Amino acid sequence: DIQMTQSPSSLPASLGDRVTITCRSIQDIGNYLRWFQQKPGKSPRLLIYGATNLAAGVPSRFSGSRSGSDYSLTISSLESEDMADYYCLQSSESPFTFGAGTKLELK
Amino acid sequence: QVQLKESGPGLIQPSQTLSLTCTVSGLSLTSNSVSWIRQSPGKGLEWMGVIWRNGGTDYNSAIKSRLSITRDTSKSQVFLELNSLQTEDSAMYFCAGSWFAYWGQGTLVTVSS
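Here the residue index of a chain counts from 1 through its sequence in written order. Think of it this way: whatever chain is written first is A, whatever ligand is written first is 1, and the rest follow in order. Since the coordinates come from a predicted model, pLDDT governs what is reported: local features require at least 70, and pairs of side-chain atoms require 80 or more to be given and counted, while whole-chain, interface and lining totals use all residues. Here the side-chain values reflect all heavy atoms present in the structure, with hydrogen atoms and water set aside.

**So, the overall build of chain B**
Short version of the rule: Note on conventions: DSSP H or I runs of at least 4 residues are helices, E runs of at least 2 residues are strands, and numbering of each starts at the N terminus. The globule rule used for comparison is 2.2 Å times the number of residues to the exponent 0.38, while the radius of gyration itself is calculated over C-alpha atoms. Each residue is assigned to one of three classes by its accessible area relative to the maximum for its type, calculated with a 1.4 Å probe on protein chains only: buried under 20%, partly exposed between the two thresholds, exposed over 50%. The contact criterion used is simple: two residues touch if any of their non-hydrogen atoms lie within 4.5 Å. Each accessible area is a Shrake-Rupley estimate made with a 1.4 Å probe; only the visible protein chains count as cover when residues are assessed.
Of regular secondary structure, chain B possesses zero helices and eleven strands. Ordering the α and β elements of chain B from the N terminus gives β-β-β-β-β-β-β-β-β-β-β. For chain B, whose C-alpha radius of gyration is 13 Å, the value lies close to the compact-globule estimate of 13 Å for 113 residues. Per-residue burial over chain B gives 45% buried out of 113 residues. Within chain B, contacts between residues separated by at least 24 positions form 52% of all contacts whose residues are at least 6 apart in sequence. When the accessible surface of chain B is split by element, carbon and sulfur atoms take 44% of a total near 5300 Å².

Here it is as C-alpha cells:
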C-alpha cells in the first residue's frame with residue numbers, strides 16, 4: 001500500500017497568513033493527489049484534484065503544487081472560515097490512502 | 001443536483017454484520033465510481049473501498065477479508081457489508097461519488113453490546 005506522509009499534524013496560524021501543508025509519497029503517484037477540507041461535524045469537501053486543479057466553487061486563495069514526490073496545499077491569505085482539518089488522498093493505486101491530516105487552528 | 005445519502009442501523013452488536021446503503025441521485029452509477037470512507041471519533045479518514053462504474057471493486061487491504069461493496073443500478077444504490085464487527089469499527093461512515101467530488105452527510109455506526 002502507498003503511504004502518504006502528511007505534515008504538520010497541527011498548524012497554528014494567524015488570519016492573513018500564508019500557510020502550506022505537505023504530503024509526501026515514497027512511491028510515484030504522478031498527479032493523482034487530492035486535497036480535502038473537513039470542518040467539525042461536516043463531510044469532507046474536495047479542494048484540489050490532479051495535484052494542482054482547483055475544484056468547482058473553491059476560493060482562489062487555495063492552490064495545489066507538486067515538487068517531485070512532495071505535494072503541497074497552500075492558502076495564500078488565511079481567513080477565519082479556513083480553520084479546519086485538511087487531508088490529502090492518493091488515488092494513483094488501489095488501495096487509495098489518506099494522509100493523517102493537518103489541524104489548522106488560530107494562533 | 002447530485003446527492004448521496006447514507007443509511008444504516010446506528011447501533012449494532014459486536015460480531016454482527018454491518019449493512020449500509022448509499023442512495024445516489026443526480027449521478028449515474030454506470031458512469032461514476034462510489035467509494036466508502038469511514039472516520040473513527042476524533043481520528044482521520046480511512047478509505048474502505050470502491051465500486052467502479054463497471055461494477056468491479058477494490059478494497060482496503062486491512063479490512064478486505066471482511067468487506068463487500070455491491071450496487072443496484074436500477075435503484076441507484078450502493079451497499080456496504082462489513083462482517084465480524086468489533087468495537088473499533090465504530091465510526092462515521094461516508095459514501096462519496098465522482099472521484100470524491102460529492103459526499104453524503106455520513107451515518108454514525110456504534111458497535112456495542
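**Examining the side chain of Q6 of chain A**
All names here are of chain A. Our working definition: Definition of a polar contact: a pair of N or O atoms within 3.5 Å, with one able to donate and the other able to accept a hydrogen when the atoms are protein atoms, and with sequence-neighbouring residues admitted only if both atoms are side-chain atoms.
Inspection of the secondary structure assignment puts Q6 in strand β1 (residues 4-7). Separated by 3.4 Å, the side chain of Q6 and the backbone nitrogen of C88 make a polar contact. Only 3.0 Å separates the side chain of Q6 from the side chain of T102, close enough to count as a polar contact.

**With respect to the sheet that holds strand β1 (residues 3-7) of chain B**
Residue and element names in this part refer to chain B. Basically, it comes down to this: Here, any two strands with at least 2 DSSP bridges between them count as paired. Axis lines are fitted to C-alpha atoms, over the contacting stretch for helices. Their N-to-C directions set the angle, which ranges from 0 to 180 degrees.
Spatially, β1-β3-β8-β7 is the arrangement adopted by the four strands of the open sheet, whose pairing is antiparallel. In the strand order of this sheet, the two ends are held by β1 and β7 (67-72), each with one partner. Ignoring which end each strand starts from, the neighbouring axes of this sheet average 20° apart. Note that β7 and strand β8 (residues 77-82) share six bridges and pair antiparallel. Its bridge partner lying in β8, D72 is registered against Q77.

**Some remarks on the state of the cysteines**
Heads up, the rule is: Disulfide assignment relies on a single distance test, namely cysteine sulfur atoms paired within 2.5 Å.
For the structure shown, the criterion picks out two disulfides over all chains. In this model C23 of chain A forms its disulfide with C88 of chain A; the gap between the sulfur atoms is 1.9 Å. One quick way to see it: the torsion about the S-S bond of C23 of chain A and C88 of chain A is about -90°, and its sign makes the bridge left-handed. Of this pair, C23 of chain A sits in strand β3 (residues 19-25) while C88 of chain A sits in strand β9 (residues 85-90); the two residues are 65 residues apart in sequence, bridging distant segments of the chain. Exposure remark for C23 of chain A: the relative accessible area of 0% places this residue in the buried category. Bridging C22 of chain B to C95 of chain B, the disulfide has an S-S length of 2.1 Å. Measuring the twist about the S-S bond at about 75°, one finds the C22 of chain B-C95 of chain B disulfide to be right-handed. Taken together, the residues span a long stretch of sequence, with C22 of chain B in strand β3 (residues 18-25) and C95 of chain B in strand β9 (residues 91-97) at a distance of 73 residues.

**Thoughts on the pairing of β3 of chain A**
Residue and element names in this part refer to chain A. Here β3 shows one buried face, formed by V19, I21, C23 and S25, and one open face, formed by T20, T22 and R24. In terms of strand pairing, β1 meets β3 through four bridges, oriented antiparallel. Across the sheet, the residue bridging to S7 is T22, located in β3. Pairing analysis gives six bridges linking β3 to strand β8 (residues 70-75), with the strands arranged antiparallel. Bridged to T20 within β8 is T74.

**Considering unusual backbone geometry**
Of the consecutive residues S7 of chain A and P8 of chain A, the connecting peptide bond is found in the cis state with omega at -10°. Relative to the assigned elements, P8 of chain A resides in the loop between β1 and β2 (10-13). In the segment running from S94 of chain A into P95 of chain A, the intervening peptide bond is cis, with an omega of 5°. Tracing the chain through its elements places P95 of chain A in the loop between β9 and β10 (97-98). Even without being a glycine, S76 of chain B presents a positive backbone phi close to 55°. As for its position among the elements, S76 of chain B is in the loop between β7 and β8. Residue S76 of chain B is classed as buried on the basis of its relative accessible area, which comes to 17%. Of note in this structure, S84 of chain B is not a glycine but carries a positive phi near 50°.

**Focus on the interface of chain B and chain A**
Selection rule: We define a salt bridge as a side-chain nitrogen of Lys or Arg found within 4 Å of a carboxyl oxygen belonging to Asp or Glu.
Of the residues lining the interface, 20 residues belong to chain B; the matching set on chain A comes to 15 residues. Run the count over chain B and chain A and you get zero salt bridges. Applying the counting criterion to the chain B and chain A interface returns five residue pairs in polar contact (both at pLDDT 80 or more). Elements with a minimum of two residues in the side of chain B that touches chain A: β4 (34-39), β5 (45-51) and β6 (57-59) of chain B.

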